[in-house]
Amino acid sequence: MKFSGLVLGALALVSSAIAVDIQKSVIITYKENTPDSVIQQDKKAILDDGGVITHEYTLMKGFSAKVNAKTLESVSASSESYATIEEDKVVSTL
């Protein structure tokens, strides 16, 4: 019985050590007066932390990305007066 408890404890420790930060799909849009340097800074922060830009919009300032929660908080804080960040998910009318 002690052996199985030890094995389960070891497995829990190993699984938490190799856990990968889960990425969320988000859409980040910016006000029209947002400087391009702010948008580029946010994109760079996402890419530097292992995120992925999945689409860049042309009719409005913004992009969609897969990003971890820590990076999302950082981008949100640095661009809070310019950016709107929404979860990218399926929307239906019914």
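Preceding block: the structure.
As the structure is a computational prediction, the values presented were derived from the model and not from experiment.

**Some words on the environment of Glu32**
Next up, step 1: Relative to the helices and strands, Glu32 is located in the loop between strand S1 (23-30) and helix H2 (36-48).
Next up, step 2: Since its relative accessible area comes to 61%, Glu32 is described here as exposed.
Next up, step 3: Each C-alpha atom of the pair Glu32 and Lys61 lies 6.8 Å from the other, and the pair is 29 residues apart in sequence.

**Description of the nonpolar core**
Next up, step 1: Ile28, Tyr30, Ile46 and Phe63 are the most contacted members of the largest nonpolar core, which has 13 residues in total.
Next up, step 2: For this core, the elements supplying multiple residues, two or more each, are S1, H2, strand S3 (62-68) and helix H3 (69-78).
Next up, step 3: If we ignore the near neighbours within four places in the chain, the residues touching Ile46 are Ile28, Gly51, Val52, Ile53, Phe63, Ala65, Lys66, Val67, Thr71 and Val75.

**Describing the packing of H2 against H3**
Next up, step 1: The interhelical angle for the contact between H2 and H3, taken along N-to-C directions, is 165°, at an axis separation of 10 Å. The angle between the axes of H2 and H3 places the two elements in the roughly antiparallel class. Handedness of the H2/H3 crossing: right-handed. Where H2 approaches H3, its residues Gln41, Asp42, Ala45 and Ile46 are matched on the opposing element by Thr71, Val75 and Ser78.
Next up, step 2: Its residues assigned to classes, the contact of H2 with H3 shows 3 nonpolar, 3 polar and 1 charged.

Quick notes on the rules
Think of each chain on its own: its residues are numbered from 1, step by step along the sequence as written. With the structure being a predicted model, the display of local features is reserved for residues of pLDDT at least 70 and the display and counting of side-chain atom pairs for 80 or more, all residues being used for whole-chain, interface and lining totals. To get the side-chain values, take all heavy atoms of the structure and skip hydrogens and water. Put simply, DSSP marks the helices as runs of H or I at least four residues long and the strands as runs of E at least two long, and each gets a number from the N terminus on. Exposure categories follow from relative accessible area, calculated using a 1.4 Å probe and restricted to protein chains: below 20% of the type maximum is buried, above 50% is exposed, and the middle band is partly exposed. We define a nonpolar core as any set of buried Ala, Val, Leu, Ile, Met, Phe, Trp, Tyr and Cys residues linked to one another through side-chain atoms lying within 4.5 Å. A contact between two residues is defined here by any heavy atoms of the two lying within 4.5 Å. To obtain an axis, a line is fitted to C-alpha atoms, over the contacting stretch when the element is a helix, and the angle between two such axes runs from 0 to 180 degrees between their N-to-C directions. For classification purposes, an angle smaller than 35 degrees is called roughly parallel, one larger than 145 roughly antiparallel, one from 65 to 115 roughly perpendicular, and anything else oblique. Two helices that cross are described as forming a left-handed crossing if the nearer one is turned anticlockwise from the farther one by less than a right angle, and a right-handed crossing if clockwise. Under the scheme applied here, ten amino acids are nonpolar (Ala, Val, Leu, Ile, Met, Phe, Trp, Tyr, Cys and Pro), four are charged (Asp, Glu, Lys and Arg), and all others, including Gly, are polar.

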